[in-house]
Amino acid sequence: MSRAFDIVRNNPNRVIIFDTTLRDGEQSPGCAMNLEQKLKMANILDLMGVDVIEAGFPVASQGDFEAVNEIAKIVKNATICGLSRAKKGDIEASAEAIKPAKYKRIHTFISTSPLHMKHKLQMSPDDVLEAVKNSVTFACKFTDDVEWSAEDASRTEDDFLCKCVEVAIESGARTVNIPDTVGYAMPVEMSAIIEMLFNRVPNIDKAIISMHCHNDLGVAVANSLAGVSKGARQIECTINGIGERAGNAALEEVIMALRTRHDLMPYDTNIDTTQITKASRTLSTITGFSVQPNKAIVGANAFAHASGIHQDGMLKNADTYEIMTPESVGLTESKLVMSKHSGRHAFREKLKELGFELGDNALNDAFARFKNLADRKKEVFEDDLIALVEDEIISKDDAIQFVSLQVMAGTSGPQSADLCLNIDGKKICKKVKGNGPVDAIFKAIRAICPHEDAKLQLYQVHAVTGGTDAQAEVTVRLEENGKIISGSGADADTLVASARAYIHALNKLINRREAVNPQTGL
Ligand code: KIV
Ligand code: ZN
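Residues numbered from 1 in each chain as written. Chains lettered and ligands numbered in written order. Predicted model: local features only at pLDDT ≥ 70, side-chain atom pairs only at ≥ 80, totals over all residues. Heavy atoms only, no water.

### Focus: the coordination of the zinc ion (ligand 2)
Within the first shell, the zinc ion (ligand 2) binds the protein through Asp 24 (OD), His 212 (NE2) and His 214 (NE2), at distances of 2.0 to 2.2 Å. Going along the chain, you hit the donors of the zinc ion (ligand 2) in the pattern D-x187-H-x1-H. Here Asp 24 is found in helix H2 (residues 21–25), whereas its partner His 214 is found in the loop between strand E7 (208–213) and helix H10 (220–229), with 190 residues between them in sequence. For the pair shown, Asp 24 and His 214 are each scored as buried. (Donors = N, O, S within 2.8 Å, 3.2 Å for Na, K, Ca; no water. Helix = DSSP H or I, 4+ residues; strand = E, 2+ residues; numbered from the N terminus. Buried < 20%, exposed > 50% of the residue type's maximum accessible area, 1.4 Å probe, protein only.)

Written as structure tokens, this is what we have:
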């Protein structure tokens, strides 16, 4: 029997949190992550207490397989899940990748809506039913925790959806997922579908029903909660709501809604909400996608009370305008931490406190960068250290490494960049002119590592802390043949941060070239 099924049987109000940041999130444009980054996110999710981590789509590429496999080795508590189409090869790849995990789940899916069956699959409903039976039965050979999803369930005919769900459960699925794949349904419709399934599918009590809602109309979280109100006991979600198109239901919104409105929705999860801010910020740094300032729960303004009336009320009693506290989501003031006089030991201890355990080499590199920063910046805050160390970690194993940069800038051009990179261990330098210093740097990178098909889509700079000596955090987004990749870089020098961000994106582009999207096949 699957662990999740047992948990819900023992506590019927328990909602299983299935995080798909590393699969549905990662497969969305610009959100690709390398192995190191995926491991880092998996650790945070595990620490946060998510029940299931969908770690990837193992058959997509060697890199995806390896990531799921490595995550399966390190995660201590969460169930590790691999996604598979209704194909033996996909299921075998998932089974192999999740093998080292303490708790393993195989997630297999096929489309059930008339539109998808006709145009995407070119299969008859009977063929799809047969595929449901065969894929779930086959997956059950490898684990007793099998999840089946009806892709495009919200646009599937009721009778056929009921039949598919019944067959999936009969074949051994212990979780049945009802996705609103295209983000089309409204809460009243999602709750009606779940209610209908509970009324009509005879063996529905043998499985957990799950919500997987996309946010195209901005109601993914509302749809997920609507399903729970009718008996669904798993929500599939992602940190910061990343995912295909407008994204998936945001984990932090689902969790804080359940917690804050427990009076109305008396459901429990296993999530330690104080880990939310860290998870959100780490993901933003890794992907280069910062969240909008007014984003619920994790936006920079989510707990800022700007208007005079609000501030006055807040000072008298925080409950006047605050429905949840910043501390409950792990939001604390960035503390002043270190000065240039701080030693290696103190540096290592501080990093430990911030959740970073670096090996000796990485620690030496990070310490050298810290000293350099402390020389240039009067005060070094926790956020500075986080940005610096994240930057060190994300680039550690990359094939292309930043070495040094000298820039000529100012009103009397031409501006130029003298850049050295290490490529697979070989140092290459080029001096290139450009239309401004950033243009010169990016041209120099292109001169050293040609990548004609990749176009620059976004170049964005923001300051990690206040003050003119603040570190810059730069995001660069590249597009190549429809694939979008983001990179980020941090440094006290904005131009160095720009070079690092571009190189980070380029490394990810190289790693990503062979991966396939499980739903579109592209
Ligand atoms: O949105 C969707 O339907 C999916 C499935 C693969 C579960 O992501
Ligand atoms: Zn999805």
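Resuming the write-up.
### A closer look at the site of ligand 1
Near ligand 1, the surroundings consist of Arg 23, Asp 24, His 107, Phe 109, Ser 149, Glu 151, Asn 177, Pro 179, Thr 181, His 212, His 214 and Gln 519. Separating an oxygen atom of ligand 1 from a side-chain N or O atom of Asp 24 is a distance of 3.1 Å. Within the side chain of Thr 181, one N or O atom sits 2.6 Å away from an oxygen atom of ligand 1. Relative to its unbound accessible surface of 260 Å², ligand 1 loses 100% to contact with the protein. Class assignment of the residues belonging to the shell around ligand 1 gives a composition of two nonpolar, seven polar and three charged. (Near = heavy atom within 4 Å. Polar contact = N/O pair within 3.5 Å; in protein donor to acceptor, adjacent residues only side chain to side chain. Areas by Shrake-Rupley, 256 points an atom, 1.4 Å probe, with all protein chains shown as cover. Nonpolar A, V, L, I, M, F, W, Y, C, P; charged D, E, K, R; others polar.)

### Some details on the domain arrangement of the protein
The domain architecture assigned to the protein consists of domain 1 (3–287), domain 2 (304–331), domain 3 (336–392) and domain 4 (398–511). Each of domain 2 and domain 4 was reduced to a C-alpha centroid, and the two centroids are 40 Å apart. (Domains from an automatic or database assignment.)

### Comments concerning the sheet that holds strand E15 (residues 472–480)
Taken in spatial order, the three strands line up as E14-E15-E16 in an open sheet, and their pairing is antiparallel. With one partner strand each, in any of the chains shown, strand E14 (455–463) and strand E16 (483–491) form the two edges of the open sheet. Pairs of neighbouring strands in the sheet enclose a mean axial angle of 15°, with direction left out of account. Note that E15 and E16 share nine bridges and pair antiparallel. Its bridge partner being in E16, Arg 477 is matched across the sheet by Ser 486. Helix H17 (residues 437–448) contacts E14 and E15 of the sheet and is inclined by roughly 130° relative to E14. (Pairing = 2+ DSSP bridges. Axes fitted to C-alpha atoms, helices over the stretch in contact; angles between N-to-C directions. Contact = heavy atoms within 4.5 Å.)

### Quick look at a nonpolar patch on the surface
A cluster of nonpolar side chains, Met 186, Val 188 and Leu 217, forms an exposed patch at the surface whose accessible area comes to about 280 Å². Mapped onto the elements of the fold, Val 188 is located in helix H9 (residues 187–200). Residue Val 188 is classed as exposed on the basis of its relative accessible area of 62%. (Patch = residues over 30% accessible without salt bridge, like charges linked within 9 Å, V, L, I, M, F, W, Y side chains within 5 Å. Salt bridge = Lys/Arg side-chain N within 4 Å of Asp/Glu carboxyl O.)

### Quick notes on unusual backbone geometry
The backbone of Gln 122 shows a phi angle near 50°, a positive value even though the residue is not glycine. Note on placement: Gln 122 falls in the loop between helix H6 (114–121) and helix H7 (125–139). Look at Gln 122 and you get exposed, because its relative accessible area is 66%.

### Details of the nonpolar core
In terms of nonpolar packing, the biggest core is built from 89 residues, with Ile 17, Ile 80, Trp 148, Val 165, Val 176, Ile 178 and Leu 197 touching the most fellow members. When residues of this core are assigned to their parent elements, the largest contribution, eight residues, is made by helix H8 (residues 158–170). What Ile 178 contacts, discounting residues up to four positions off in sequence, is Ala 153, Val 165, Met 190, Ile 193, Ile 194, Leu 197, Ile 209, Ser 210, Met 211 and His 212. (Core = buried A, V, L, I, M, F, W, Y, C linked by side-chain atoms within 4.5 Å.)

### Brief notes about the pattern of salt bridges
A pair can form between side chains of opposite charge whenever their charged atoms are brought close. By the definition in use, this model includes 27 salt bridges. Asp 51 serves as the salt-bridge partner of Arg 14, at 2.8 Å between the closest nitrogen and oxygen. With Arg 14 in the loop between helix H1 (3–10) and strand E1 (16–19) and Asp 51 in the loop between helix H3 (35–48) and strand E2 (52–56), the pair connects residues that are 37 residues apart, well separated along the chain. Of the charged contacts, one joins Glu 151 and Lys 120 as a salt bridge, the two residues approaching to 2.8 Å between their closest N and O atoms. Taken as a pair, Glu 151 in strand E5 (residues 146–151) and Lys 120 in helix H6 lie far apart in primary sequence, 31 residues in all. When its relative accessible area of 36% is taken as the criterion, Lys 120 is described as partly exposed. Through salt bridges that share partners, Arg 23, Asp 24 and Glu 54 make up one connected network.

### Let's talk about the packing of aromatic side chains
A complete count under the given rule lists six aromatic pairs for this structure. With 6.0 Å between their ring centres and 35° between their planes, Phe 367 and Phe 370 make a pair best called tilted. Here the residue Phe 367 and the residue Phe 370 both occupy positions in helix H15 (residues 360–376), the gap between them amounting to three residues, near one helical turn. Taking the relative accessible area as the measure of exposure, Phe 367 reaches 14% and is therefore buried. Members of the aromatic cluster, each reached through a chain of ring pairs, are Phe 347, Phe 367 and Phe 370. Above the plane of the ring of Phe 138 lies Lys 88, whose end atom (NZ or CZ) is 4.9 Å from the centre. (Phe/Tyr/Trp six-rings, centres within 6.5 Å; stacked < 30°, edge-to-face > 60°. Lys NZ or Arg CZ within 6 Å of the ring centre and 35° of its normal.)

### Brief notes about the packing of H8 against H9
Packing of H8 against H9 brings their axes to within 10 Å, and their N-to-C directions diverge by 60°. The orientation of H8 with respect to H9, classified from their angle, is oblique. The handedness of the crossing between H8 and H9 comes out as right-handed. Residues Asp 158, Asp 159, Leu 161, Cys 162 and Val 165 of H8 form the contact with H9, whose own contacting residues are Ile 193, Met 196, Leu 197 and Arg 200. (Parallel < 35°, antiparallel > 145°, perpendicular 65-115°, else oblique. Left-handed = near helix turned anticlockwise from the far one by under 90°.)

### Concerning the environment of Phe 65
Within the secondary structure, Phe 65 is located in helix H4 (residues 62–74). Linking Phe 65 and Pro 100, residues 35 residues apart in sequence, is a C-alpha distance of 13 Å. Setting aside anything within four residues of it in sequence, one finds Phe 65 in contact with Pro 58, Ala 93, Glu 96 and Ala 97.

### Here's the deal with the sheet that holds E7
Read around the closed barrel, the eight strands follow the order E1-E2-E3-E4-E5-E6-E7-E8; overall the barrel is parallel. Neighbour to neighbour, the strand axes of the sheet diverge by 25° on average, direction disregarded. Against the sheet, H10 touches strand E6 (175–180), E7 and strand E8 (234–237), its axis set at about 165° to E7.

### A word on the state of the cysteines
In this structure the tally under the stated criterion is one disulfide. Each sulfur in the disulfide pair Cys 420 and Cys 429 lies 2.0 Å from the other. Linking Cys 420 and Cys 429, the disulfide has an S-S dihedral of approximately 110° and is accordingly described as right-handed. For Cys 429, a relative accessible area of 40% puts it in the partly exposed group. There is no disulfide at Cys 140, and the cysteine sulfur nearest it, in Cys 81, is 13 Å away. The closest cysteine sulfur to the non-disulfide-bonded Cys 449 is located on Cys 429, 12 Å from its own sulfur. Under the relative-accessibility criterion, Cys 449 is labelled buried at 11%. (Disulfide = S-S within 2.5 Å.)

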